[in-house]
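Structural characterization, general
For reference, the chains in residue letters:
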Amino acid sequence: MSTSSHLRRSATVLASSLLTAALVVSGSSGAATGAPRDRTLPATGHGHGAGVYVVTLVDPPAAAYTGGVPGLAATRPRGGERFDRTRPDVAAYRSRLVDRQDRVLRQVGSPPVLYRFTTAVNGFAARLGAGQVKRLRSTPGVSLVERSTLQKLDTVDSVGFLGLGQVWSQVGGRERAGEGTVVGVVDSGIWPENPSFAGLPQSSPGRVGRLDGFHGACAGGRQWNLGDCNTKLVSARWFVRGFGPSNLAQSEFLSPRDSSGHGSHVAATAAGNADVGVRVEGQDFGKATGMAPGAAIAVYKACWTAPNPEDDGCSTADTVAAVDQAVADGVDVINYSVSGSRDTVADSVELAFLNATAAGVFIAASAGNSGPAPGTVGHPGPWVTTVGASTHRLLQGSVVLGDGTEQVGAMVADRPVPRTGIVLAEDAAAPGATATAARLCEVGALDSDEVQDKIVVCDRGVVARVDKSTAVSRAGGVGMVLTNVSPDTVDADFHAVPTVHLDAAAGAALKQYLASAEAPTAAIDPDGADDTPVPQVAAFSARGPSPASGGDVLKPDLTAPGVGVLAAVAPPSNAGRLWDLYSGTSVSTPHVAGLAALARTARPTWSPARIRSAMMTTARGVRGTSGAFAEGAGQVDPTRFLDPGLVLDVAPRDYLGFLAGQGFTHADGTPVSDRPVAASSLNLPSIAVGHLTGRTTLTRTVTNVSGSTETYSARVRGLDGVTARVRPGTVTLAPGASATLEVVVRADTDAAVGRFTKGHLLLRGSQHELRLPVAVRPGLVSATGEVRGTGEDGSVPVAGRSGSDQGFPLSVAGPVAARPTGVSLVPGGFEPASPRADRDTRGLPVTVPPGTDVARFQIDGHRPSDDMDLYAYRDGQLVAASTRPSADETITLVEPEPGDYTVYVHSHSAANRSTTTGQYYSWVVPASDGGTLQLEPAQVTAGANQRFEYTVGWQGLDPTSRWFGAVRYGDSEHRTFVSVN
């Protein structure tokens, strides 16, 4: 059974008002029951035009192959073992995969291949034309055809804050903590001269010497010698074919060498050497140590800088190749501090992670830096440990004003500024400089006569923060106050002059003082601080709920220190420094990756799911009211996670069942799994129900991994408006024994419909206590997704289930009529990036006015064996497409953005090799016209968790047209579409 999936859901394509393409869950030819199950998929990632694509095939890759092919033994490693690509069985199976890849490539003209994947992914990256993309998506044996996209790269004292000293003592001491494990870092490379990566030289340059079962290598390149690898940096490779060598900045290195500093910072945080002295700008910061200082580091450079920083990033063709190679080399942990999809669990990167997990590799990935907006969390796959960012200490200082008031902000310098004059930068513009340039403290925009020996107040924005202090220093200023002009983070940076960074409120108070004082003065105090508690979730840390699973999988999983973390960097992009302070979920993620290496050393037989469970159930809650969709289970607590008492495990086959339960199939239509698993029922160390109508029962299986028998009581706390009971309430487990708990969740009559309520499942024993986050969103209704009828007059029944005791009204939109437009086309090519009408493509304009409830476009081919496609554009931008290997295609846009649309009908192939013909229909249904569909009754009065039924009818419809409308339920987003032919 393959551990790959496909983005294909069904014939109907839906798009929300955001106009991003989404595919309905397969299995119902347009009708669905329950809550709306459409899943948004990024149009850029799943494109159709010419470009670089990652193609995944159905057969499982070597890391996940469990046998079944005659003559080919299983290649997936057993628990606690590394994947070993040198085994003859692995070589034989990989040869079979390559042969099958060759067959697929030949069917589309043998396009140029950039990479072959056989370990974590079975497939290839290749440059494909639009026609080749289309053919591959209908080729038997192909699972996923996805355009390669560009993803962005999203400690000295965090060691002490997390209490790692006592943890290291359990695994052989500081220097040996993580010994024997390899942390694979997929990132921007590494700066090998930093002492965090010092080690003994390799006995044979370019080869790995002392790690059994690890088969990495040291690749050469620009300013990189094979001897740069050592017993700490055991392997280094680079991948650039997807990004393109011609797209690199001149300062970039075509080698594993890091030019940006990001990869070095990540590697040092996860597994940097112990007790490395750190001194920056003359300031002593003590000694740096990574989470697992005894672990080895393997670098997979797949992220690159471009001439324009906006184009920096990581091509997914390169990152998939890097993950595939990392698993083939035999890493134990992969750190992926790179942005990822928010909208699907089944892109090529997430599927590579799934197969890596099946091989026993722990995956830590960053949640993203798009917080605090909800629904922004990336890497939604339940097999990935998705890490948010929280504070671990506050680098603070203050500006003390002449009136005695003190404003506290972020500050890293330890040098005070005695009381002196203070001036607004915009009041100190140099001759010829604009007030705006001065206000932003552009270099050269400040008048030295005005700022000499003064503290300068600069506004944040446009100019890099550290460049502002450089401008102040060059003009003769002795200190800077950086003020936010809108709510944003405050950051402690290494500045040219002592600097305090204030939030918007404190900045406004400062400016009010300056406006009222005749001769304003101020001092900067590096010891200034407030009583802000830690840890707290960082404002930038991305939040759930994840749209990829409809809120049924809680993400992020947990948080780790990610604000103002000091670690190794690359001098070229960090003002010549070897160390710098970084913030972001890319900084928090390697904390978890390094801790996973510690767990692998201490508990070598634990699966990645068990390690994650141990981290989550022992995490400590963060301060404030951020909630489960910000903190997940809380901030990781290393002092407890090696002895959690109980763990929850997930078998790889259950992840496949999850994909099947989400409606994914392979491109050739074969099922991902014949054992679908509902997302909420996956045995995760968290519970989430994205749409609860009435009552549901979930299960969680726990296993005792301690050395003694223990009795646990189980109960749920929190969950306003929702009642949750655990059966049984008490379990006694001997070492190694397991028990299954049922969690019965029911919405109360006063439940806040449409809003998540949060709580925790607590498991308390005599020696251990576990806490699982719980989030439940009561829904108003679940009902049939689409009904169909015929005739001038008629009606059809609609069934549903109520989620409220209060009842709710039904309302209608439409129906509206559509007459057929005949289409006759000659098969040909279509380039979605530059669509045009010709012999193979018909362009049809559609106006979508404001207040449209739903728009639908449909092509019905005359011959089922023909292949026609639909593409919808708004103002020239592709918003949705339906491109199955079928003559019939449908696009449905819910609450679409108003504008001028063009729908293109394209002929891909004809059974008679001559022409394709069909009928095109278009419906634009207004929301506010009252509609003429008739409802009986027009009100749902059923109580919570009770079923209801009503009829929707019509009269006097023109039989020469097709009709389309919708029924809405109170103020819920759910609709039942009504089609009458």
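Details of the structure are given in the entry above.
Right, let's walk through the structure included here. Just so you know, these numbers come straight off a predicted model, no measurement behind them.

On to the overall build of the protein. Counting its secondary structure elements, the protein contains 16 helices and 53 strands. Its C-alpha atoms give the protein a radius of gyration of 30 Å, within 12% of the compact-globule value 30 Å for 981 residues. For the protein, the C-alpha atoms occupy an extent of roughly 85 × 75 × 65 Å along the three principal directions. The buried share of the protein, reckoned over its 981 residues, is 60%.

When charged atoms on two side chains of opposite charge get close, those side chains can pair. Applying the stated criterion across every chain, the model contains 37 salt bridges. The shortest N-O distance in the salt bridge between Glu 193 and Arg 257 comes to 2.8 Å. Here Glu 193, found in the loop between strand 9 (182-187) and strand 10 (233-238), pairs with Arg 257, found in the loop between strand 10 and helix 5 (262-271); they are 64 residues apart in sequence, far enough to count as distant. Looking at Glu 193, the relative accessible area reads 45%, which means it is partly exposed.

The next thing to look at is the packing of helix 7 (residues 348-358) against helix 16 (residues 652-661). At their nearest, the axes of helix 7 and helix 16 sit 9 Å apart, and the two run at 155 degrees to each other. The orientation of helix 7 with respect to helix 16, classified from their angle, is roughly antiparallel. Of the residues in helix 16, those touching helix 7 at Leu 351, Leu 354, Thr 357 and Ala 358 are Pro 652, Tyr 655, Leu 656 and Leu 659. Residues belonging to the contact of helix 7 with helix 16 are distributed by class as follows: seven nonpolar, one polar and no charged.

Attention now moves to the sheet that holds strand 44 (residues 867-874). Across a sheet, strands are paired by hydrogen bonds formed along the backbone, either parallel or antiparallel in direction. Ordered by their spatial adjacency, four strands build an open sheet running 42-47-44-45, and the pairing between neighbours is antiparallel. Each edge of the sheet is formed by a strand with only one pairing partner; in this case those strands are strand 42 (841-848) and strand 45 (877-882). Averaged over all neighbouring strand pairs, the angle between strand axes comes to 25 degrees, with direction disregarded. Sheet analysis places strand 44 next to strand 47 (residues 899-909), joined by eight bridges and oriented antiparallel. Bridging across to strand 47, Met 868 finds its partner in Ser 907.

Side-chain alternation along strand 15 (residues 333-336) places Val 333 and Asn 335 on one buried face and Ile 334 and Tyr 336 on a second face that is also buried. Here strand 9 runs beside strand 15; their pairing, made up of three bridges, is parallel. Pairing of Val 185 across the sheet is with Asn 335, part of strand 15. Bridging between strand 15 and strand 16 (residues 362-366) involves four bridges; their strand directions are parallel. When the bridges of strand 16 are listed, Val 333 appears paired with Phe 362.

This brings us to the sheet that holds strand 49 (residues 934-936). Spatially, four strands are ordered 37-39-51-49 in an open sheet, and the strand pairing comes out antiparallel. Looking along the sheet, the strands with just one partner apiece sit at the ends: strand 37 (781-783) and strand 49. Averaged over neighbouring strand pairs, the angle between their axes works out to 30 degrees when direction is ignored. The sheet contact formed by strand 49 and strand 51 (residues 947-954) spans three bridges and is antiparallel. Bridged to Leu 935 within strand 51 is Val 952.

Turning our eyes to something else, we now look at the side chain of Asp 748. By the secondary structure assignment, Asp 748 is in the loop between strand 34 (738-747) and strand 35 (757-764). Take Asp 748: its relative accessible area is 18%, and that puts it in the buried class. A distance of 3.5 Å separates a polar side-chain atom of Asp 748 from the backbone nitrogen of Val 722. Those residues in contact with Asp 748 that sit more than four places away from it in its chain are Gly 721, Val 722 and Thr 723.

Analysis parameters
Residues numbered from 1 in each chain as written. Predicted model: local features only at pLDDT ≥ 70, side-chain atom pairs only at ≥ 80, totals over all residues. Heavy atoms only, no water. Helix = DSSP H or I, 4+ residues; strand = E, 2+ residues; numbered from the N terminus. Rg over C-alpha atoms; globule rule 2.2 N^0.38 Å. Buried < 20%, exposed > 50% of the residue type's maximum accessible area, 1.4 Å probe, protein only. Salt bridge = Lys/Arg side-chain N within 4 Å of Asp/Glu carboxyl O. Axes fitted to C-alpha atoms, helices over the stretch in contact; angles between N-to-C directions. Parallel < 35°, antiparallel > 145°, perpendicular 65-115°, else oblique. Contact = heavy atoms within 4.5 Å. Nonpolar A, V, L, I, M, F, W, Y, C, P; charged D, E, K, R; others polar. Pairing = 2+ DSSP bridges. Polar contact = N/O pair within 3.5 Å; in protein donor to acceptor, adjacent residues only side chain to side chain.

These figures come from the coordinates and say nothing about function on their own.
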